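# Geometric and topological summary
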Amino acid sequence: METARAEAAARPPHEGAPVEYGPRAARHPDLGSALPPGRAEQVRGEHPHAEPGVAVPRPRRMPERHSVRDQVLAALRSALVTGELEPGGVYSAPALAERFGVSATPVREAMQLLAREGAVEAMPNRGFRVAERSARERAELAEVRALLEVPVVVRLARTVPAERWEALRPYAEATVAAASLGDRAAYAEADRAFHRAMLELSGNRQLVAVADELHRRAQWPVAAARRGHATTPSGRRTGTVSAELAADAGEHAVLLDALVAGDVATVECLVREHFTGR
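What comes next concerns the included structure. (Residues numbered from 1 in each chain as written. Predicted model: local features only at pLDDT ≥ 70, side-chain atom pairs only at ≥ 80, totals over all residues. Heavy atoms only, no water.)

### Here's the deal with the pairing of strand β5 (residues 127-130)
On a regular strand, one side chain projects to one face of the sheet and the next to the other, so that they alternate. Examined bridge by bridge, strand β3 (residues 90-91) and β5 share two bridges and lie antiparallel to one another. Looking at β5, one finds that Val90 is bridged to Arg129. The pairing of strand β4 (residues 120-123) with β5 spans four bridges and is classified as antiparallel. Bridging from a neighbouring strand, Met123 pairs with Gly127 of β5. (Pairing = 2+ DSSP bridges. Helix = DSSP H or I, 4+ residues; strand = E, 2+ residues; numbered from the N terminus.)

This is the structure:
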């Protein structure tokens, strides 16, 4: 009996007992595999044979694999909005990689993402062709955005207090600043940020994500921009880039004033006209 007790005391705590898995078990931070209790610290950097009190350096974290791709993706989106990548133009990944000073792999990955979004089309053995949006396509996008955003903004106009609308003033001012510079890429970002901030007041994250993606698609690419012209969200061409962007930014400010004032009827008219021009 004494011998059996001695063996039980010498046995490791987890030996002979079922190993726990699931939420109560320690998990490897990278692989996510369940580990027996008592092993978490060793996995987190403790060497199994290290002397007590000796710190073992943790392995340096590797850079995020997609960070370069994401930077290239942002640059490509900017080039699409400004018309630097012309609608109908065909661009190879190696040529773009040389322009950005990176390898062709992250460029290819970024262009494949843009292809899924409909901004470009893969051309076998040639590269990627930038999509050409017709006036009808742009008008259809504007109509879908109006169907989604107008009723939401009108509903919010009835329930959101004035101070929360006033807190969005910096977003509207950012669109005015970008428009004054005639910077299409900066305006595109500021414009989406303003609309996103309004819709976020609904608390519906799915709505915000869908609306933001539609907004991004509506901004790509506009052939008229190559000739110094701009278009409204519905695709109507009405003047130079600076003039049209300034008019669009001005609509943001007027809309925000109506929202702060709680003038629901004016809000509905303004937000509908912002998309359709009617």
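### Here we look at the pattern of salt bridges
Here the structure, examined in full by the defined rule, presents 14 salt bridges. Among the ionic pairs, Arg129 bridges to Glu132, the shortest N-O distance being 4.0 Å. Residue classification places Arg129 among the partly exposed positions, given a relative accessible area of 23%. The residue Arg169 makes a salt bridge to Glu166 at a minimum N-O spacing of 3.0 Å. Overall, the relative accessible area of 35% leaves Glu166 in the partly exposed class. In the salt-bridge network here, residues are joined through shared partners; they are Glu189, Arg192, Arg196 and Asp212. (Salt bridge = Lys/Arg side-chain N within 4 Å of Asp/Glu carboxyl O. Buried < 20%, exposed > 50% of the residue type's maximum accessible area, 1.4 Å probe, protein only.)

### Some thoughts on the layout of surface pockets
In this structure, the second largest pocket spans a volume of roughly 170 Å³. Every residue lining the second largest pocket is counted, 13 residues in all, and those nearest its centre are Ala74, Arg77, Ser78, Glu189 and Arg216. Considering every element that reaches the lining of the second largest pocket, the biggest residue donor is helix α3 (residues 67-82), with six residues. The residue inventory of the lining of the second largest pocket, partitioned by class, reads six nonpolar, two polar and five charged. (1 Å grid on protein atoms, 1.4 Å probe; cavity = no way out; pocket = protein on both sides within 12 Å on 5 of 7 lines; lining within 4 Å. Points joined across faces, edges and corners; volume = space filled by probe spheres on them. Nonpolar A, V, L, I, M, F, W, Y, C, P; charged D, E, K, R; others polar.)

### Overview of the side chain of Glu149
Within the element layout of this structure, Glu149 appears in helix α6 (residues 135-159). Judged by its relative accessible area of 2%, Glu149 is buried. Beyond its immediate sequence surroundings of up to four residues, Glu149 is in contact with His195, Leu199, Ala211 and Phe275. (Contact = heavy atoms within 4.5 Å.)

### Points about unusual backbone geometry
Positive phi outside glycine occurs at Asn125, with the angle close to 65°. With respect to the helices and strands, the residue Asn125 is situated in the loop between β4 and β5. On the basis of relative accessibility, which here comes to 85%, the residue Asn125 falls in the exposed class.

### Let's talk about the environment of Val120
Tracing the backbone shows Val120 in strand β4. The sequence separation of Val120 and Tyr91 amounts to 29 residues, and the corresponding C-alpha distance is 9.8 Å. Setting aside chain neighbours within four positions, we find Val120 in contact with Met111, Leu114, Ala115, Phe128, Arg129, Val130 and Ala131.

### Notes on the sheet that holds β4
As a general point, the strands of a sheet are linked pairwise by backbone hydrogen bonds and lie either parallel or antiparallel. The sheet built from three strands is open, its strands ordered β3-β5-β4 with antiparallel pairing. The strands lining the two open edges of the sheet, one partner per strand, are β3 and β4.

### Examining helix α8 (residues 169-181)
Helix length check: α8 (13 residues) gives 19 Å between terminal C-alpha atoms against 18 Å at 1.5 Å per residue, within 8%. Arg169, Ala172, Thr175, Ala178 and Ala179 are the residues of α8 that are buried. In the segment just after α8, Gly182 is the residue with positive phi, at about 70°. (Expected span 1.5 Å × (residues − 1).)

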